[in-house]
Each structure stands twice: as C-alpha cells, then as structure tokens.
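Structure at a glance
Here is what each chain is made of, one letter per residue.
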Amino acid sequence: MIRLLVKFKDRTIKEFNLEHIETFSIGRNPTHHLVIDNYAVSGDHAVISKENNRYVLKDTYSKNGTFLNGLTVKQATLKNGDIITIGKHALVFLDRGRPRPQLLHGGLKTTALPGDPGPDHTMFMDTELYRRMLAESGDIPEIPEAQAYVAFLAGGSGRFDLVKSLITIGRTHHCDIVMGGFFSFLAGDPAAVISKTPQHYYITHHSGWIRPKINGKAIQGPVRLEDMDIIKIGSVVLQYVARRPDIVR
C-alpha cells in the first residue's frame, strides 16, 4: 500500500492511500486533496504524481518552497520513508512495495526497479537511511526539531530566538524583526522570511527592492542557513547560530 501520513507537532493527523490517485494535490486552496490552511503554504503548493511505478513530488512554484528530507526541491522521485515538509506539516511517504534497503560494505544497496532514478538520485546521510528503515518496519520516526537564533550585529541588540515557524523581517512593526534606517522605505513588508523546517532554517526574499544578502551575496531563491552565516538586510545585520540537540554551546 502507498500511504502518505500527515504529521503536525509529532502527531499523525491524517492518512491518505495514494494507490488510486494519479495526481495528489497539496495547497491552501480548498479544492486540493490535502488542504493546509496556513499562510506559509501557497494556494497551489505541490503535487505528488503517479508516473508508471514511481511517485514524483513536484513543487508548483510555491512561495516558501517544498522540502524533501530537509532539502529544498523542485522535483524528486519519492522513496519509502521520505519526509516532505510544507509549512508546519511533515508528510511521511510510505511505500510497502519497495524493496528493503540493505547495508553492504558500508554503503546502501537496493534492488533496481523499472523507472528507478538510479545512482544519480540524491543520497542522504545515515540518519535518513535509519529513518527510512524504521518507517518500513512500521515505526515512524520522531522528527527532530531544529533550534537556532539570530544575533544582532547591527540595526538592533541582543538576539532573536527562532522558535516560530515563520519569522518576518521588514519595515513595519507587523514584522518580527523591524528594519530601520533611511532606505527602509524600499524594503517590503515583510522584506524577507526565515522559515523553519524540522531539520533546518531557510531564508527567502519576500518583497521590496532590498534583497537579503548571505555572507555578502544577494540571494535569488530560498537559501538554507548554515551555522554562523551573516544575514544583511538594509541596516539590519544578523548572525545565524545553529543549536542542534547534540551540541552544547
């Protein structure tokens, strides 16, 4: 059986059987199979399409991006145990028909299937393999939550803990982090958004003439933040600090 589990705050809130659905749509609009009523989710956000014996995830030009195992993707073939993150929700893809992965000489070996993307498919770290094996055995793994903060280097003081799913940066007090300075009127409202996924944080330009810069380089699309990255938006300069559960600072 091909299943999609919808998880919110570590609880499974819905389950879908994908076997008889050719195109499974996801978004904020009420016409979709899975409706996620959250402003971080686009009206038409993503689809899962059945193509021969494969299931393919496609981002449908969403504003905040679609994430697969913590990485932003436009299109990817789904594997058993994959975790799709959209807004605050995690979607766990389960395909009982796929062969069980086997470790061989420290690597990953699977039986080839017709239409399988082959060795050029994105490879994941050992934790992702472990997650898939647990999912295949029937135990859905807990999704670890990332913890992080940004520290002000200019345009403010102290630090801002990234505990919300969306942190907005802009020119008005509606935003979580407010930009000042003479040219702040050129910034959007918000100018940028930091979005939280179960494993990582991403920053995206939202609106206005002022684009965020990461380590001195203007961003074009969603960019995953790395520990100690410098974020500059107008007069505001922030340093991103990752705090993983296994690291004590």
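This one's a predicted model, so the numbers in the text were calculated from it and none came from an experiment.

So, how was this worked out
- Within any chain, residue numbers begin from 1 and follow the written order of that chain's sequence.
- Restriction of local features to residues with pLDDT of at least 70 applies here, the model being predicted, together with a cutoff of 80 or more for giving and counting side-chain atom pairs; totals for whole chains, interfaces and linings are based on all residues.
- The side-chain figures draw on all heavy atoms in the structure; neither hydrogens nor water molecules are used.
- Criterion for a salt bridge: a side-chain nitrogen of Lys or Arg within 4 Å of a carboxyl oxygen of Asp or Glu.
- A simple rule labels every residue: compare its accessible area, found with a 1.4 Å probe on the protein chains alone, to the largest value its type can have, and call it buried under 20%, exposed over 50%, or partly exposed in between.
- pLDDT is defined as a per-residue confidence score from the predictor, taking values between 0 and 100.
- Put simply, DSSP marks the helices as runs of H or I at least four residues long and the strands as runs of E at least two long, and each gets a number from the N terminus on.
- In this description, contact between two residues means that some pair of their heavy atoms is separated by no more than 4.5 Å.
- At least two bridges found by DSSP between two strands is the condition for calling them paired.
- Pairs of N or O atoms within 3.5 Å make up the polar contacts considered here, provided that, within protein, one atom can donate a hydrogen while the other can accept it, and that residues adjacent in sequence are counted only when both atoms are side-chain atoms.

Moving on, we get to the pattern of salt bridges. With the rule as written, the count across this model stands at seven salt bridges. Across the pair Arg 224 and Glu 226 runs a salt bridge, and its minimum N-O distance is 3.3 Å. A relative accessible area of 39% places Glu 226 in the partly exposed class.

What follows deals with the confidence of the model for the protein chain. A residue-level look at the protein chain finds 77% of positions with pLDDT of 70 or above and a mean pLDDT of 78. Ranking the helices and strands of the protein chain by mean pLDDT puts strand β3 (residues 23-27) first, with 96, and strand β13 (residues 107-109) last, with 36. Scored below 50 in pLDDT, residues 244-249 makes six contacts in the model with residues more than four places away or belonging to other chains.

On the basis of which strands lie adjacent, the open sheet formed by five strands has the order β4-β3-β5-β6-β9 and mixed pairing. Whereas interior strands pair on both sides, the edge strands pair on one side only; in this sheet they are β4 (34-35) and β9 (75-77). Bridge analysis of strand β5 (residues 46-51) against strand β6 (residues 54-59) gives six bridges, and the strand direction is antiparallel. Across the sheet, Val 47 pairs through a bridge with Lys 58, a residue of β6.

This part covers the pairing of β5. Across a regular strand the side chains alternate sides, sitting on one face of the sheet and then on the other. Of the pairings in the sheet, the one linking β3 to β5 comprises four bridges and is antiparallel in character. For Ile 26, the partnering residue across the bridge sits in β5 and is Ala 46. In sequence, β5 turns back onto β6 through a hairpin of two residues, with Asn 52 there showing a positive phi of about 60 degrees.

Tracing the backbone shows Arg 224 in strand β22 (residues 223-224). Residue Arg 224 is classed as partly exposed on the basis of its relative accessible area of 27%. Distance from Arg 224 to Ile 203, taken between C-alpha atoms, is 6.5 Å for residues 21 residues apart in sequence. Within the structure, Arg 224 has its side chain in polar contact with the side chain of His 200 (distance 3.5 Å). One polar contact links Arg 224 to Glu 226, side chain to side chain, over a distance of 3.3 Å.

Moving on, we come to unusual backbone geometry. Outside of glycine, negative phi angles account for most residues, and trans bonds account for most peptide bonds. Of note, Tyr 61 is a non-glycine position whose phi angle comes to about 55 degrees, a positive value. When you line up the elements, Tyr 61 lands in the loop between β6 and β7 (66-68). Of note in the backbone geometry, Asn 215 takes a positive phi value of approximately 50 degrees without being a glycine. Look at Asn 215 and you get partly exposed, because its relative accessible area is 47%.

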